[in-house]
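# Residue-level structure breakdown
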Amino acid sequence: MNKAFMTGYYQGVVEVAPASLSAAKVEELAIAMTILHLRHAGVAITTIHDFLVDDIHANERVVNHHISETADQLETAQAKILAGAFE
């Protein structure tokens, strides 16, 4: 998986996130979705972490919080963030 594709995926999430979300929640949503997507694509956890922290400059605390979550936990986190956008 090349970095241009991974960056595009992350940026795509940021661009289509609901406008009612705060910047922090948009970032958390993009991080959770990117981790889930790249794990499904077979990208190693360390590669995902380094990509998000070193290349995207995502919040390392948020990355570390979500990086070891299961697919169900990541999907739940995404659902909670999106639900908050429509309250």
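The structure this text deals with has already been given above.
Overview of the structure.

What counts, and at which threshold
Residues numbered from 1 in each chain as written. Predicted model: local features only at pLDDT ≥ 70, side-chain atom pairs only at ≥ 80, totals over all residues. Heavy atoms only, no water. Helix = DSSP H or I, 4+ residues; strand = E, 2+ residues; numbered from the N terminus. Axes fitted to C-alpha atoms, helices over the stretch in contact; angles between N-to-C directions. Parallel < 35°, antiparallel > 145°, perpendicular 65-115°, else oblique. Left-handed = near helix turned anticlockwise from the far one by under 90°. Contact = heavy atoms within 4.5 Å. Nonpolar A, V, L, I, M, F, W, Y, C, P; charged D, E, K, R; others polar. Salt bridge = Lys/Arg side-chain N within 4 Å of Asp/Glu carboxyl O. Buried < 20%, exposed > 50% of the residue type's maximum accessible area, 1.4 Å probe, protein only. Core = buried A, V, L, I, M, F, W, Y, C linked by side-chain atoms within 4.5 Å.

### Concerning unusual backbone geometry
- In this structure, histidine 57 takes a positive phi of about 65 degrees despite not being glycine.
- Among the secondary structure elements, histidine 57 is positioned in the loop between α3 (45–55) and α4 (60–67).

### Description of the packing of helix α2 (residues 23–40) against α4
- Across the interface, α2 lies against α4 with an axial gap of 10 Å and an inter-helix angle of 45 degrees. Considered as vectors, α2 and α4 are oriented oblique to each other. Of the two elements, α2 crosses α4, and the hand of that crossing is right-handed. Every residue of α4 that contacts α2 at Glu28, Ile31, Ile35 and Arg39 is listed here: Val62, Val63, His66 and Ile67.
- Along the lines of polarity and charge, the residues of the contact of α2 with α4 split into five nonpolar, one polar and two charged.

### Looking at the pattern of salt bridges
- For the structure shown, the criterion picks out two salt bridges.
- A salt bridge links lysine 3 to aspartate 55, with the shortest nitrogen-to-oxygen separation between them at 3.1 Å. With lysine 3 in helix α1 (residues 3–16) and aspartate 55 in helix α3, this pair connects stretches of sequence that are 52 residues apart.
- Notably, a salt bridge pairs glutamate 28 with lysine 25, separated by 3.4 Å at the nearest N-O pair. Of this pair, glutamate 28 and lysine 25 both sit in helix α2, three residues apart, roughly one helical turn.
- Relative accessible area serves as the criterion here: at 18%, glutamate 28 is assigned to the buried category.
- On the basis of relative accessible area, lysine 25 is assigned to the partly exposed category, the value being 38%.

### With respect to the nonpolar core
- With 26 residues, the main nonpolar core has Tyr10, Leu21, Ile31, Ile35, Ile48, Leu52 and Ala58 as its most contacted residues.
- When contributions to this core are tallied by element, the ones reaching two or more residues are α1, α2, α3, α4 and α5 (71–85).
- When residues in this core are grouped by element, the largest group, eight residues, is from α2.
- Contacts of leucine 21, omitting those with residues within four sequence positions, involve Val26, Leu29, Ile81 and Ala85.

What is shown is where atoms sit, not what they do.
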